[in-house]
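# Structural overview
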Amino acid sequence: MTTRPGAHGTLITVAPTGAELDKADVPNLPVTLEELVGTARDCERVGAAMIHVHIRGADTKPTLDLQLLKDTVAALREQTDLVVQLSTGGAVTDPESDRLRVLDAMPDSASCTMGTVNFGDDVFLNRWEFVVELHKRMRERRIVPEYEIFDLGQLASLRRLLDEHGPPAGGHVHVDLVMGVPGGMPGDAETLVAALRAIPDGATFSATGIGRTSLPVMFAALAAGGHLRVGMEDTVSYARGERVKDNAQLVARAAGLARIAQRPPLPPAEVRDLLGVSSKD
């Protein structure tokens, strides 16, 4: 039996910003390009290998402006070795055309959410035809997808996608279990184990715990041989009554737990091999 590269280490992804939090409420949220690059460098230094990117405009509000996306990808490539993953989710109000255009910024990787989900008081809409189009356009551009799973039924949709439309760019299937979103699957060990029964054969997975589920999901994912996503997109609480200092603090904790689990953080080069990321030079 052969093992994939990275089988004995942990991919740590940092999601530093997201589209939900307001800079006025969370002053240490990185929203400018300078802040984002600084955060990326700090997080790489303490163990992150991939960055999941949402961007903000000059007004600090979420945007999918293509030139700013291109500038962000270029700056992150120039100043870090991180695998650069752009969100195609944007904000829940973004139209499909803008979300598809994200791929024209040519990141290493991009998210592909496998279905519609209630997202707190909003609806995060992902029609089947839109998911298929994302999958196909990523393959054309050699952009590696990370299939975001918010509920267990979306794993059945992923199997359907692969059966009907073939493998992703890079040939390897990697999913991120986004757990604890109000309206999605709960963030606990029982649900994570149930999800793993439905993941496609040969796939790898990361897990993300939202809010207070961040630690239970992290422990469960490490115990199950999975990878981790952490960051201020997903939680701004470090411990009960203690706010997050910065994204590097969350990455450092994840890296420490990965070392305790005898699966230390993987460097970006090994993550590229693991996910099948090709050079965009």
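Look up a bit, the structure's there.
Summary of the structure given here. (Residues numbered from 1 in each chain as written. Predicted model: local features only at pLDDT ≥ 70, side-chain atom pairs only at ≥ 80, totals over all residues. Heavy atoms only, no water.)

## Considering the overall build of the protein chain
- Scanning the protein chain from terminus to terminus reveals 9 helices and 14 strands.
- Taken against the 2.2 N^0.38 rule, which gives 19 Å for 281 residues, the C-alpha radius of gyration of the protein chain at 17 Å falls within 12% of a compact globule.
- Viewed in the frame of its principal axes, the protein chain has a C-alpha envelope of about 45 × 45 × 40 Å.
- The long-range fraction of contacts in the protein chain, counting pairs at least 24 apart against all pairs at least 6 apart in sequence, stands at 74%.
- Per element, the accessible surface of the protein chain, about 11900 Å² overall, is 51% carbon and sulfur.
- Positive and negative side-chain charges of the protein chain, numbering 29 and 38 respectively, have mean locations separated by a distance of 2 Å. (Helix = DSSP H or I, 4+ residues; strand = E, 2+ residues; numbered from the N terminus. Rg over C-alpha atoms; globule rule 2.2 N^0.38 Å. Contact = heavy atoms within 4.5 Å. Areas by Shrake-Rupley, 256 points an atom, 1.4 Å probe, with all protein chains shown as cover. Lys, Arg positive; Asp, Glu negative; His and termini not counted. Charge placed at Lys NZ, Arg CZ, Asp CG, Glu CD.)

## Quick notes on the packing of aromatic side chains
- Within this structure, the stated rule accounts for 3 aromatic pairs.
- Considering the side-chain rings of F119 and F124, the 6.2 Å spacing of their centres and the 80° angle between planes classify their relative orientation as edge-to-face.
- Since its relative accessible area comes to 6%, F124 is described here as buried.
- Between F119 and F150 the ring centres are 6.1 Å apart and the planes differ by 65°, which places this aromatic pair in the edge-to-face class. Note that F119 is positioned in strand β7 (residues 117–119) and F150 in the loop between β9 (144–149) and α5 (153–165), a separation of 31 residues in sequence. Side by side, F119 and F150 carry an identical accessibility label, which is buried.
- Members of the aromatic cluster, connected to one another through ring pairs, are F119, F124 and F150.
- Looking at R160, its charged tip hangs above the ring of W128, at a distance of 3.9 Å from the centre.
- Here the basic side chain of R253 rests over the ring of Y238, its NZ or CZ set 4.1 Å away from the ring centre. (Phe/Tyr/Trp six-rings, centres within 6.5 Å; stacked < 30°, edge-to-face > 60°. Buried < 20%, exposed > 50% of the residue type's maximum accessible area, 1.4 Å probe, protein only. Lys NZ or Arg CZ within 6 Å of the ring centre and 35° of its normal.)

## Remarks on the sheet that holds β9
- What the 8 strands build is a closed barrel, ordered β1-β2-β5-β6-β9-β10-β11-β12; its pairing is parallel. Averaged over all pairs of adjacent strands, the angle between strand axes in this sheet comes to 25°, irrespective of strand direction.
- Judged from the 2 bridges that link them, strand β5 (residues 83–86) and strand β6 (residues 109–113) form a sheet pairing that is parallel. When the sheet's bridge partners are listed, L86 is paired in β6 with A110.
- Relative to the sheet, α5 contacts β6, β9 and β10 (174–179), its axis offset from that of β9 by approximately 150°.
- Contacts from helix α9 (residues 268–275) reach β2 (50–53), β5, β9, β10, β11 (204–209) and β12 (227–230), with the element oriented near 55° to β5. (Pairing = 2+ DSSP bridges. Axes fitted to C-alpha atoms, helices over the stretch in contact; angles between N-to-C directions.)

## Let's talk about the packing of helix α1 (residues 33–46) against helix α2 (residues 66–79)
- The N-to-C vectors of α1 and α2 enclose an angle of 35°; their axes lie 10 Å apart at closest approach. As for the relative orientation of α1 and α2, their crossing is right-handed in sense. Across the interface between the two elements, L33, L36, V37, A40 and R41 from α1 touch D71, T72, A75, L76 and Q79 from α2.
- Across the contact of α1 with α2, the residue classes tally to 6 nonpolar, 2 polar and 2 charged. (Left-handed = near helix turned anticlockwise from the far one by under 90°. Nonpolar A, V, L, I, M, F, W, Y, C, P; charged D, E, K, R; others polar.)

## Thoughts on the pairing of β6
- Counting buried positions along β6 gives 5 out of 5 residues, so the element sits mostly inside the fold.
- Burial along β6 is two-sided: the face carrying S109, S111 and T113 and the face carrying A110 and C112 are both buried.
- Looking at chain direction, β6 and β9 are connected through 5 bridges and run parallel. Note that in β9 the partner of S111 across the bridge is E146.

## Digging into the environment of A255
- The residue A255 is located in helix α8 (residues 247–260) in this model.
- Residue contacts for A255: discarding those within four places in its chain leaves I12, V46 and P265.

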